[in-house]
Every structure is written in structure tokens, then in C-alpha cells.
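Structural overview
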Amino acid sequence: MLRRQFLGAAVAAPLAYAAGSFVPVWAQNAPNFGTPTLPSPGFRRMKVGDVEVVSLIDGIARRPLGEEFVKNAPIAEVRALLASQNLPTEYIDVPFTPFLVIAGGRRILMDTGLGEFGGPTTGKLLENLRAAGVQPGDIDTVLITHFHGDHINGLRNKAGEFVFPKAKVLVPAPEAAFWMDDAKMNAAPEGMKGAFQNARRVFAQMPSDMLVRFEPGGEVAPGIRSVAAFGHTPGHTLFQLQSGGQSFFYVGDLTNVPALFARNPDWAVTFDMDAEAARKVRREVLQRIVDAKATIGGFHFPFPAFGNAVAQGSGYAFQPVA
């Protein structure tokens, strides 16, 4: 059953890759709705106990809002919820925001953005990293939540070179097991094969002393614990940072647009590979964050992409920092 859910035709379209491209079709900008405005500066700092966390926007993709975006809700309800928050109803802006943890001499990057493989309003991570005073060679650890292209493509440039040459790259073992499985790739719908091929482009020739697989649930760096949150992908994993009695959850793709999927955690975004598992873990983790009064950061959250989650109605609201 799980295999059918993960490899069913329903996931083929949202994960489809343009011919000769390593970026999903959906991440290409839609010019008929104009161009999203990128924040300037494209980074924001915050303190979590004794540690500094920096959000670094890689860019924003604008996509038309169609009936397929929320798989289990009428488009009229989706548009009404957006309108109630004074948000556009004809298109969705999807930001891409990795996070950097600066702890003593450590420089730990969580996810890497689209790199050189996205549209003109993406691929800004390195520019914003340098603006924040950090060089790619300063990164000693990269933590990957899952293997979708917008999270891993920044690890290598188009020449195949490693963008963070001194970094250990830590990946969830269940995620690697799925995407690097030739049998699963061969059984996947044609539109999804590009995602498997992209994972191989990034990871297949990565040296063994660089690539580290970990089992979600343990510590991956001092003060940073991995948290299994399977559903969006088979090995989707979050990271919880604790320092000085404070807590920060980087939730990756636990929720895509929070104005929709935090407010309605039971709604399923088109990119969730196992919608039911994603729904359950989304509610569980969001409630855990609310109960802990922790700071939350999300890869697709509106910039600066971190703030607080509060209970609202039958779901949750994301309140970004001012």
C-alpha cells in the first residue's frame, strides 16, 4: 500500500521535471502573474540561547493556483482562505529558505536551495550567505531534510563541483534508501523519474567521507536533534535546535504555504507523497511546537521564514517575527 502511495501516478505531475532540467516544473516562474519581489537584505539573524540562527532566502517561485495545489479541498475554499488573509488568490508565491546555525566555530547549513538550477528569481543562497559574512568554504556541516530538488540542488553547481567543499553532508537514511533504490526508480511514473535521477546527480558520486547517513531521532550536531516526520517524502526529517533553555524547530516541508496548510493541517499539498502520514505528523509537530513555545522556521514560509506558531480555529497560524 505504501509503495503504491509513494509511486502512484498522483505524484508524477507535481514532481515532474522539465526535459534536461534538474528543477521541478512547478518551480519555474509563471511570468503571466508578474515577478515576485525578493527581500533585501536576503538574510535575517536571530538568537536561540547562545546560538545564532540565520535565515537565508534562496529565492521565490510564483506558480498559478490551480485545483491540483490542494488535493483535498475545493479551490473556492482555498481562495477564500487566502482572501481572508489579504493574500493573492490567483497565484501562490513559494519561497525557498535554508537556515544557517552559527555555534562557536561551527557553521551548519540546513538545506541548500535550488542552486544554479532554478528560475531567475532563485539561486540567491550563496549571495545572501556571503552578505551575512559567511563563505561557502566556512560551512562544516550540511543537514538535508529530504531529497526534493529545491532542497538538494545547491550542493553541486552545473559543473558538478561541490559548493560546500569542506562540509559533511548528513542525510536521513530512509530518504536515501528510497531515492537511491534503482528498483523504485524503474517502477516510478515517467514524470517522477527525473527526481530519482536528480538525487543520483547530487549524491551518487559523493565521497564516502563527505556523505553521512543518519537514522532520524538522534543528535546530528551539538544541540541539534533530528526528528522523523515522514509523509511529505518517505524519509522527511526535521531538526530541533536547543540552546540556553530555548528551542527552534526547522520544519522543512512539514507545511508548504503556512497560510493554507498550517491553518488547515488536514489539507494535502500536491507535493506530499503520503498525504495521510503527512497530515498526521503535521498536526503532531505543530502542536508540539505550540506547547513548547518554540520558535519555528520553515523552508517555504514567508520571509524571514521564522516566528511563532499559535493555535487558531481547527489549526494553527504562523506569526513571523517583525
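In case you missed it, the structure is sitting above this.
Described below are features of the structure shown in this document. All figures in this text were calculated on a predicted structure; none of them were measured in a lab. (Residues numbered from 1 in each chain as written. Predicted model: local features only at pLDDT ≥ 70, side-chain atom pairs only at ≥ 80, totals over all residues. Heavy atoms only, no water.)

**Overview of the environment of L143**
By secondary structure assignment, the location of L143 is in strand β7 (residues 141-143). The class for L143 is buried, based on a relative accessible area of 0%. Along the chain, L143 and L109 lie 34 residues apart, while their C-alpha atoms are 6.2 Å from each other. If sequence neighbours within four positions are ignored, L143 has contacts with I108, L109, M110, D111, L170, V220, I224 and F239. (Helix = DSSP H or I, 4+ residues; strand = E, 2+ residues; numbered from the N terminus. Buried < 20%, exposed > 50% of the residue type's maximum accessible area, 1.4 Å probe, protein only. Contact = heavy atoms within 4.5 Å.)

**Some words on the side chain of N157**
Mapped onto the fold, N157 is located in the loop between α4 (149-152) and β8 (168-172). With a relative accessible area of 17%, N157 lands in the buried category. Each residue touching N157, except ones within four places of it in the same chain, is listed here: E116, F117, V163 and R201.

**What to know about the nonpolar core**
In terms of nonpolar packing, the biggest core is built from 59 residues, with F69, V78, I224, F248 and L260 touching the most fellow members. With 5 residues, helix α9 (residues 275-292) is the single largest residue contributor to this core. In contact with I224, not counting residues within four places along its chain, are V101, I108, L143, G218, E219, F239, Q240 and L241. Among the nonpolar cores identified, the runner-up in size contains 36 residues, and A167, W179, A199 and L211 belong to it. (Core = buried A, V, L, I, M, F, W, Y, C linked by side-chain atoms within 4.5 Å.)

**Section: the environment of I92**
Looking at the secondary structure, you find I92 in strand β4 (residues 91-96). Residue class for I92 comes out buried when judged on its relative accessible area of 4%. Along the chain, I92 and I60 lie 32 residues apart, while their C-alpha atoms are 9.9 Å from each other. The residues contacting I92, other than those within four sequence positions of it, are A61, R62, R63, L65, F69, L82, V257 and L260.

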